[in-house]
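# Summary of structural features
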Amino acid sequence: MGSTTVDGQTNPAVTRDPVCGMTVDPAAGKPRHQHAGHVYHFCREGCRAKFAAAPEAFVTAVDPVCGMRVDRATASHMARHAGERFYFCSARCRERFEADPEAYTGAGHEALPPMPAGTVYTCPMHPEIEQAGPGDCPICGMALEPKGVPAADQGPNPELVDFRRRFAVGAALTVPLVVIAMGPMLGLPVGQWLGERAARWAELALATPVVLWCGRPFLVRGWRSFRTWNLNMFSLIAMGVAAAYAFSVVAVLAPGLFPAGFRDHHSGQVGVYFEAAAVIVVLVLFGQILELGARERTGSAIRALLDLAPKTARLLRPDGREEEVALDTVQVGDRLRVRPGEKIPVDGIVADGRSSVDESMLTGEPVPVEKVAGDPVTGATLNGAGSLVIEAQRVGRDTVLAQIVGMVAAAQRSRAPIQKLADAVAGWFVPAVIGVAVLAFLAWAAFGPPPSLAYALVSAIAVLVIACPCALGLATPMSIMTATGRGAQAGVLIRDAEALETFARVDTLVVDKTGTLTIGKPTLVAVLPGPGHDEAELLGLAAALERRSEHPLAEAIVRGAEARGVAPAEASDFEALTGKGVRGVVGGRAVALGNAAMLADLGLDSGRGADADARRDRGETVMFVVVDGALAGLVSVADPLKPTTPAAIEALHALGFRVVMATGDSERTARAVAGRLGIDEIRAGVLPADKARLVRELQAQGAVVAMAGDGVNDAPALAQADVGIAMGTGADVAIESAGITLVRGELTGIVRARRLATATMRNIRQNLFFALVYNAAGVPVAAGALYPIFGWLISPMVAAAAMSLSSVSVIGNALRLRRADLDG
């Protein structure tokens, strides 16, 4: 089958509508939609609209072996059969498919239904696993969690509620069980009260519901892990609990089956380990309750963001009446009143009134912003002392707040490259632990003191229980979830974990000037006509051309003409010369307006070099006006620096950045700005295509490059950079191309992002160190390595407590990122 390329994406010549399953020819001009870097094609507009409303519901594939939903963009396992791609949740499922693909394909397979309606659940450690509704991950066995933005009425975690109930029952039964089993060691005459045989039957009666009901989730997950050969933490827990319980049951029902090596040399009895099995279950439940509660707290940033939005709005009716309505009923174009001290309900434009608005909830900046008629306002920000009437422009999922929440939710489920280390270790860890447990059993059986087989069993169970890889698997995702939420609170939006990890290694920052270093709203400061021309004429000709241009400098000239009372004429034959200027016909005269490069193309000498250079030395941008092939004068525009830029550049240098400014301005203007800011290197006269080329050049020199920009012309460079940083005040296409978005649109956000990235990577390394060192030390100790020297042997109960606390300690360390200081 052939292929075609659309928007840089290579697609099959005939693809499939992800909504209805119909085949679509991408070259047929049918509707299409881009999502997460992929272009999807649709048979009709209705399907495209459904996809655009909830793309995540249609971009997943079904594992043909186990039926799990798999995210196509993040799936690690894929196979081809009969010209079609199949995605799998694990290597085991892929291997089964490849061994007999016909067994898993058949009629109707190509028309798989979309994800059923309802909440989509995913695994915190394996985000490629998705399904509708709760369940267990087929890879690691952990309970799946709701994906994306949590519903406003979402109740408590059902697994947490279930585990708390099982823990309460298990603890109530385990306490008397431990008293019966351990009483003689504490001087309690339990055996005399009940009798030796009755005590054993009492232990069996108390332990059975604890193991078989309270511990059922762990046993089921462990059995499933062996059935699918995706060995995980529950494989070890299930083996340890099942071994202790089954051994004890046989010891009570048929003690004669055991050889002498299992019998106590004083009493001749076969030991039972009901209390160990029960205590392991209760402690693992307790650890899971602590872990689930801590994992829920990593989503507190999303819940805090959701709580920012007011629940109602004051709607102004056409007849002048005011009515309080639910926020979700507000429509685009509605006029809303915002009283002093109230939150702005949706994104819009101030139609009437004047006030200061506290935007720190979204931007992290504490200084209120003055708002007057015509100024934009953002939903969830706090109105000050004035009264405003706003016109709604974006509502529902289109608001800035909704987009921020969605971006944070997606980033929290992404995987950092460093996670590959944990995955690689976990891949061989569980089989290795089982091997160590077997070796420990054999060593104790051969060389241990009597009863040697009893010691061997206890050691093997302790090894299985203490060596839980859960802490290793949670080390990275918990840090990422917490960090992305913390960043959102500070106005730094992280698109995915890879961008965060890479940004911690960036050493070179390329910044655009206009809108990044500067405010991005240039103003006209001078009009210098040549001989035979006056100021009004020259400005009128320039404004006539610039009315047709979308460049920020064009808007400054048009506004300047209006302020001076100059009414520009209509221009025809307009043409924009990328990176050079514009030209056209005004009142029958050929007019061109642009920089020195345009003059060179026209074969003209500026003749006003001294005037132009003097303006450039002040940091102004100079443009030449050419009328009927002759230089008629020049206009000068200035774009003031953002107040926070100088301090931000200083902080970036302190954080180890080399700062490179790329601008289309002349070198003299660029040097004037760079000199005031202490910028390390400048690239002046840069065309839009040159910015991406500059990034590639720096990367070829071995630099790890971040690019910060806000315009459409910055999008290619943002995509080329190792990390693209978009100003939230800029163009949507720039934001789409970036890995990090700064809500406020100031360089101080880059400083915060760097501090967040370094703190996150430090936190992840700490977690991995804790997890690896814990297991490296815990396994040999549980196997009895210290027994010959100190006589120490860890019981399975102590091993279970240590295993649970290891996971909680890793999550607790990750939660510290919620208090990370990003302002230095």
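For the structure itself, look to the data block above.
Residues numbered from 1 in each chain as written. Predicted model: local features only at pLDDT ≥ 70, side-chain atom pairs only at ≥ 80, totals over all residues. Heavy atoms only, no water.

## A word on the nonpolar core
- Within the largest apolar cluster, 62 residues are counted, with the highest numbers of intra-cluster contacts made by Ile237, Tyr273 and Phe274.
- Of all the secondary-structure elements, those providing two or more residues to this core are α3 (158-182), α5 (196-214), α7 (233-253), α8 (274-297), α12 (419-447), α13 (452-466), α26 (748-783) and α28 (796-815).
- If sequence neighbours within four positions are ignored, Tyr273 has contacts with Ala244, Phe247, Ser248, Ala454, Leu457 and Val458.
- Counting 54 residues, the second largest nonpolar core, distinct from the first, contains Met727, Leu747, Ala757 and Met761. (Core = buried A, V, L, I, M, F, W, Y, C linked by side-chain atoms within 4.5 Å. Buried < 20%, exposed > 50% of the residue type's maximum accessible area, 1.4 Å probe, protein only. Helix = DSSP H or I, 4+ residues; strand = E, 2+ residues; numbered from the N terminus. Contact = heavy atoms within 4.5 Å.)

## Quick notes on the pattern of salt bridges
- Tallied over the entire structure, the rule returns 27 salt bridges.
- Between Arg224 and Asp136 there is a salt bridge; the shortest N-O distance is 3.3 Å. Note that Arg224 is positioned in helix α6 (residues 216-228) and Asp136 in the loop between β12 (129-132) and β13 (145-146), a separation of 88 residues in sequence.
- Where Arg317 meets Glu323, a salt bridge forms, and the shortest distance between an N and an O atom there is 2.7 Å.
- The class of Glu323 is partly exposed, set by a relative accessible area of 30%.
- Shared partners join several salt bridges into a network, and the residues in it are Asp136, Glu159, Arg221 and Arg224. (Salt bridge = Lys/Arg side-chain N within 4 Å of Asp/Glu carboxyl O.)

## Here's the deal with the sheet that holds strand β14 (residues 312-316)
- Overall, antiparallel pairing links the six strands, which are arranged β15-β14-β16-β22-β17-β20 in an open sheet. The strands lining the two open edges of the sheet, one partner per strand, are β15 (322-326) and β20 (376-377).
- Bridge analysis of β14 against strand β16 (residues 335-338) gives two bridges, and the strand direction is antiparallel. Its bridge partner lying in β16, Arg314 is registered against Arg337. (Pairing = 2+ DSSP bridges.)

## Section: the pairing of strand β30 (residues 630-638)
- Within β30, seven of the nine residues are buried, which leaves it mostly tucked inside the rest of the structure.
- Alignment of strand β25 (residues 523-529) against β30, held across six bridges, turns out to be antiparallel. Bridging from a neighbouring strand, Pro529 pairs with Gly633 of β30.
- As paired strands, strand β29 (residues 621-627) and β30 are joined by seven bridges and run antiparallel to one another. For Val622, the partnering residue across the bridge sits in β30 and is Ser636.
- Linking β29 back to β30 in an antiparallel pair, the connection comprises two residues, with Asp628 at a positive phi of about 50 degrees.

## What to know about the sheet that holds strand β33 (residues 705-709)
- The strand order β23-β35-β34-β33-β24-β31-β32 describes an open sheet built from seven strands, whose pairing is mixed. Edge positions in the sheet fall to β23 (492-494) and β32 (681-683), since each has one partner strand and no second. Strand after strand, the sheet turns through a mean of 20 degrees between neighbouring axes, direction not considered.
- Across four bridges, strand β24 (residues 508-512) lies against β33 in parallel orientation. Of the residues in β33, the one forming a bridge with Val511 is Ala708. (Axes fitted to C-alpha atoms, helices over the stretch in contact; angles between N-to-C directions.)

## Things to note about the environment of Met142
- Among the secondary structure elements, Met142 is positioned in the loop between β12 and β13.
- Residue Met142 is classed as buried on the basis of its relative accessible area, which comes to 3%.

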